[in-house]
Amino acid sequence: MESKSGEATDDEDEEDDDNDDDEDSGAEIEDDDEEGLDDEDDFDDDDEHDDDDLDTEDNELEELDERAEGKKKTTEKQSAAALCVGVGSFADPEDLPGLAHFLEHMVFMGSLKYPDENGFDAFLKKHGGSDNASTDCERTVFQFDVQRKYFKEALDRWAQFFIHPLMIRDAIDREVEAVDSEYQLARPSDANRKEMLFGSLARPGHPMGKFFWGNAETLKHEPKRNNIDTHGRLREFWLHYYSAHYMTLVVQSKETLDTLEKWVTEIFSNIPNNGLPKPNFGHLTDPFDTPAFNKLYRVVPIRKVHALTITWALPPQQQHYRVKPLHYISWLVGHEGKGSILSFLRKKCWALALFGGNGETGFEQNSTYSVFSISITLTDEGYEHFNEVAHTVFQYLKMLQQLGPDKRIFEEIQKIEDNEFHYQEQTDPVEYVENMCENMQLYPLQDFLTGDQLLFEYKPEIITDALTQLIPQKANLVLLSAANEGKCDLREKWFGTHYSIEDIEKKWADLWNSNFELNPDLHLPAENKYIATDFALKPFDCPETEYPVKIVNTAQGCLWYKKDNKFKIPKAYIRFHLISPLIQKSASNVVLFDIFVNILTHNLAEPAYEADVAQLEYKLVAGEHGLIVRVKGFNHKLPLLFQLIIDYLADFDSTPAVFGMITEQLKKTYFNILIKPETLAKDVRLLILEYSRWSMIDKYRALLEGFTIEALLSFVQEFKSQLFVEGLVQGNFTSKESTDFLKYVVDKLDFKPLEKEIPVQFRVVELPSAHHLCKVKALNKGDANSEVTVYYQSGARSLKEYTLMELLVMHMEEPCFDFLRTKQTLGYHVYPTCRNTSGILGFSVTVGTQATKFNSEIVDKKIEEFLASFEERMENLTEDAFHTQVVALIKLKECEDTHLGEEVDRNWNEVVTQQYLFDRLAHEIQALKSFSKVDLVNWFKSHRGNGSKIVSVHVVGYGKHEMEEEGSVCSESSNSSYDEVAQLTYLPTSSLLADSTIPITDIRAFTSTLNLLPYHKIVK
């Protein structure tokens, strides 16, 4: 797959390869919250902190502020603004690593005009807004959104951070801890570790070798020892670099352009301009033209993965944006159809995935160089043959060099990008302004809107120039594998990554230096039959409706349909849920189902790839109760892709080699989910709450015991023989065309109807009136990160009560952040969440902390302290403050959808959970209008005190504040083994919480004694 550009936030982890959860095609295992099939977010996908992005490349220091939940609906969009300062971490002084990133944190801590430290955040939270910032190598971006009514005031408050931030000493000491926590959270990420190691290969004195993150050591302890005044240096950096003449600003709101211009002039004119030249690093070319670059680096990853990354450092390519040579090359290298690198490697069972190109983050493309990298996820066998894998890549590149650029292919890519640009759906305003303010730094005026998306001109000589540099002699090879453990004696300074350096094996070095032969199996892709040419909007063939309508209803399945009349684009969404009671019968069945969905995805990868590059996207999700098939894109050729998927499902088969490869990879995927504290905490919490749930550990154990291919094939046969199929079609299809999709599934699979309806949810246990504590050891040895969640169960509640809970959590957000993060500095991630667990309501407060700084029980006590202070705060709540928050939540729920996908997601959530309350938002808004302040205060109080049903889940990291075996912190040199994560280790409660909590030391034993609540849906 060609690497997509764009940044990811730094708490999202790296490519979980087969767990592909950004909008690209593929399969997904299990933790697909966004689809809402594996936990409470099932019923309400508002928990943006859950792990539905287990796999996005994280290449930037991006702050994650808690997004207000429950977004979207029917009136106007949020207003948004973004400002980009043309300076970033490259400008860090040598003696204060991480200063640029730290300053990006510090400017938010109050201003001369609005001195309150958390004032801006509180203002946004009150008016349904959010804010965020990120530091890149040569740019720093700040952005926020808010209700339009408060946009001007928000702009004024925000502008003050660039006019006169306070940056008081006391705040500096505390905020260093937030930066340090962020660094600790980033440490277990293989993508960050690989990046840090790569940067360290730059020639001495080049800014690529700097430590951009910053931590308590570099920003607090080290400066103290060297008598460096961090406070003074922050001010100095701000005065020197936060200058108006290289800032770019974008504002988006429904006001007239004249009004917006007037506001901007009035508010932002006071930003100081020091007239100093903008820092320029363009003279520091060839950072990686060093002997250390063209070597083989073996690296020990945190997760279980084998991967080979081949990287070249090219001269900066930004100025060639009209041709986009790297886009052209990565389109071919990352192709997955016949004749491609990946197609060849998959047939050999050597590789599972390939990503190629340049991600366009500052680390990969800046004024000093551009990266071109090819990253291949290897199988166990592929790892043994990594030199052959690299050779295949070099053979393909040599073929491209010999053939030269191909105009037909360039024009095909150009056509696909043109179609996408012409019919693109709107993005969230805050994302749009963020993207635009960066574009203003990179492109001339006429190309601000298009420079990053379109291919403007075909210049083969520029493509050739880039291609000729992609030769083995200039390549850097990084081989990531747990099998390298014990062989790597070097250690990267900041992230502690173990690695070794060796010369390329002589046999291969000699071959690559010779005029080696091409591979006859590799060739250019054929013409793409999936590119849309018919963009006509179809007429209605049935009455127009505001919400989906059930147009087919039989014993085998039903279909919901809504023709789009709002966005008027030639695109459509098709979603089907193939429900089967077979999946949840045992942990083994759940695993067989995961294997099945992954092999099906593997089988489809090559035939469906052309559709994928023509912007027809598909995803297969192994849901809790069925297979979910999602297809979207231009409607013209969409039926072809849908039929292809159903054909492969009907004729499912697997070779023993593919079966072995996929089960081996699934073992790694489960392992990688379990070693993350936040995903383990969620698994433990849901194992306690959802009675018949099979946990990730259950699945992992079942997989370790092993399966046969015969077991898989008989499972699939049984799965396909009896189903209930539920579908939703929305967009530019007629109702007649839509019924054909359901008909195709029913005819092709030829299954019997289910004997009885099955509920697509779990039974939930009723917690006793007490505070229980389940404390388990983190499964990633040496990882300091702990996760503490305190959950309050409310019960089977009405829609009105659910909305009241949402309002309560919204009130809680800002004080929670202020108390637990800003003042107590417990961790970088702290947030309250409204929980809908299989229809049972609750709320929770979560803190991600580090065992090197805090004991998890102290954090639990601090959460209680926060809730007690919040109770007092609620009692003193003014009518005015109550009303403001109600209006903010109503506005969020009324906020119009920016694109069809948002409307589809909301409707699909109703279908897949079988709640069918498509006008849910209207009911919630009506409920909000009926609440009084007393209702809210009493509601909160009713969940506190003696009758409270509370469970705390602690996943405890490794560090001096937690009990360690032999009293030592586990060394990072040995990672967890496969067997070590196959069971939970329960930890005893210390004297801190022994009196106030009851320990859970065996989850199954605990839950077997509890009452089960009836099945419940929040629809009335």
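All values reported here derive from a predicted model rather than from experimental measurement.

### Overview of the overall build of the protein chain
- Helix and strand counts for the protein chain come out as 31 helices and 25 strands.
- A globule of 1020 residues ought to have a C-alpha radius of gyration of about 31 Å, and the protein chain, at 28 Å, matches this closely.
- Its C-alpha atoms put the protein chain at 80 × 75 × 70 Å along the principal axes.
- The buried share among the 1020 residues of the protein chain stands at 66%.
- Across the protein chain, contacts joining residues at least 24 apart in sequence account for 85% of those joining residues at least 6 apart.
- When the accessible area of the protein chain is evaluated, it comes to approximately 36000 Å², of which 51% is carbon and sulfur surface.
- Averaging the coordinates of the 104 positive side-chain charges in the protein chain and doing the same for the 176 negative ones gives two points 2 Å apart.

### Side note on the packing of aromatic side chains
- Scanning the model with the defined rule gives 54 aromatic pairs in all.
- Look at Phe288 and Phe293: their rings are 5.4 Å apart centre to centre, the planes differ by 35°, and that puts the pair in the tilted class.
- Judged by its relative accessible area of 4%, Phe288 is buried.
- Both rings, one in Tyr423 and one in Phe634, keep their centres 5.8 Å apart while their planes meet at 85°; by these two values the pair is edge-to-face. With Tyr423 in the loop between α13 (407-422) and α14 (429-442) and Phe634 in strand β18 (residues 626-634), this pair connects stretches of sequence that are 211 residues apart.
- We classify Tyr423 as buried; its relative accessible area is 18%.

### A word on helix α28 (residues 920-930)
- Residues of α28 that are buried: Arg920, Leu921, Glu924, Ile925, Ala927 and Leu928. Down the axis of α28, the buried set is contained in an arc of 160°. They therefore lie on one face. Those residues of α28 that are exposed and aimed more than 90 degrees away from the buried face are Gln926 and Lys929.
- Of the surrounding secondary structure, the elements contacted by the buried residues of α28 are α24 (799-823), α26 (879-894) and α27 (900-912).

### Comments concerning the confidence of the model for the protein chain
- Averaged over every residue, the pLDDT of the protein chain is 91; residues scoring 70 or more account for 92%.
- Across residues 4-74, confidence stays below pLDDT 50; counting only partners more than four residues off in sequence or on other chains, it has 304 contacts.
- Low confidence marks residues 965-973, where pLDDT is under 50. Its contacts with residues over four positions away, or in another chain, come to 17 contacts.

### With respect to the pattern of salt bridges
- Applying the stated rule across the entire model yields 58 salt bridges.
- Of the charged contacts in the structure, one is a salt bridge between Glu814 and Arg873, with a shortest N-O distance of 3.8 Å. Of this pair, Glu814 sits in helix α24 while Arg873 sits in helix α25 (residues 856-875); the two residues are 59 residues apart in sequence, bridging distant segments of the chain.
- In this structure Glu814 comes out as buried when scored by relative accessible area, which is 9%.

### Concerning the side chain of Asp783
- With respect to the helices and strands, the residue Asp783 is situated in the loop between β20 (771-777) and β21 (785-796).
- The charged side chain of Asp783 is buried without a salt bridge, its nearest counter-charge being Arg187 at 7.3 Å.
- Polar contacts involving the side chain of Asp783 include one to the main-chain amide nitrogen of Asn785, which spans 3.0 Å.
- Once residues lying within four places of it in the same chain are set aside, the contact partners of Asp783 are Pro188, Ile675, Pro677, Gly957 and Tyr958.

### Some words on the nonpolar core
- The biggest cluster of nonpolar side chains holds 160 residues, and the ones touching the most others in it are Trp312, Ile329, Val333, Phe596, Leu641, Ile688 and Phe719.
- The contacts of Leu641, once residues within four sequence positions are left out, are Tyr530, Ala608, Ala611, Leu616, Glu617, Tyr618 and Val631.
- Residues Tyr150, Leu155, Ala171 and Phe237 belong to the second largest nonpolar core, which totals 50 residues.

### Overview of α27
- Taking 1.5 Å of rise per residue, the 13 residues of α27 would be expected to cover 18 Å, and the 18 Å separating its terminal C-alpha atoms lies within 8% of that figure.
- Leu900, Gly901, Glu902, Glu903, Val904, Asn907, Trp908, Asn909, Glu910, Val911 and Val912 are the residues of α27 that are buried.
- Against β15 (557-563), β16 (571-579), β18, β19 (724-731) and α28 lie the buried residues of α27.
- Downstream of α27 by one or two residues, Gln914 has phi in the positive range, about 55°.

### So, the pairing of strand β14 (residues 549-553)
- For β14 and β15, the ladder comprises four bridges, and the chain directions are antiparallel. Paired with Val549 across the bridge in β15 is Tyr561.
- Hairpin connection, β14 to β15: the antiparallel pair is bridged by three residues.

### Section: unusual backbone geometry
- Its identity is not glycine, yet Lys324 carries a phi of approximately 55°, on the positive side.
- Taking relative accessible area as the criterion, Lys324 reaches 10% and is therefore assigned buried.
- Residue Thr825 is not a glycine yet carries a positive backbone phi of 45°.
- Structurally, Thr825 is set in the loop between α24 and β22 (830-837).

### With respect to the side chain of Asn118
- You can see Asn118 is positioned in the loop between α1 (99-106) and α2 (119-126).
- Using a relative accessible area of 8% as the deciding quantity, one classes Asn118 as buried.
- Separated by 2.9 Å, the side chains of Asn118 and Glu814 make a polar contact.
- For Asn118, the residues in contact, after removing those within four places along its chain, are Glu814, Phe817, Asp818 and Thr822.

Rules of the game
- Residues numbered from 1 in each chain as written.
- Predicted model: local features only at pLDDT ≥ 70, side-chain atom pairs only at ≥ 80, totals over all residues.
- Heavy atoms only, no water.
- Helix = DSSP H or I, 4+ residues; strand = E, 2+ residues; numbered from the N terminus.
- Rg over C-alpha atoms; globule rule 2.2 N^0.38 Å.
- Buried < 20%, exposed > 50% of the residue type's maximum accessible area, 1.4 Å probe, protein only.
- Contact = heavy atoms within 4.5 Å.
- Areas by Shrake-Rupley, 256 points an atom, 1.4 Å probe, with all protein chains shown as cover.
- Lys, Arg positive; Asp, Glu negative; His and termini not counted.
- Charge placed at Lys NZ, Arg CZ, Asp CG, Glu CD.
- Phe/Tyr/Trp six-rings, centres within 6.5 Å; stacked < 30°, edge-to-face > 60°.
- Arc of directions from axis to C-beta.
- pLDDT = per-residue confidence, 0-100.
- Salt bridge = Lys/Arg side-chain N within 4 Å of Asp/Glu carboxyl O.
- Polar contact = N/O pair within 3.5 Å; in protein donor to acceptor, adjacent residues only side chain to side chain.
- Core = buried A, V, L, I, M, F, W, Y, C linked by side-chain atoms within 4.5 Å.
- Expected span 1.5 Å × (residues − 1).
- Pairing = 2+ DSSP bridges.

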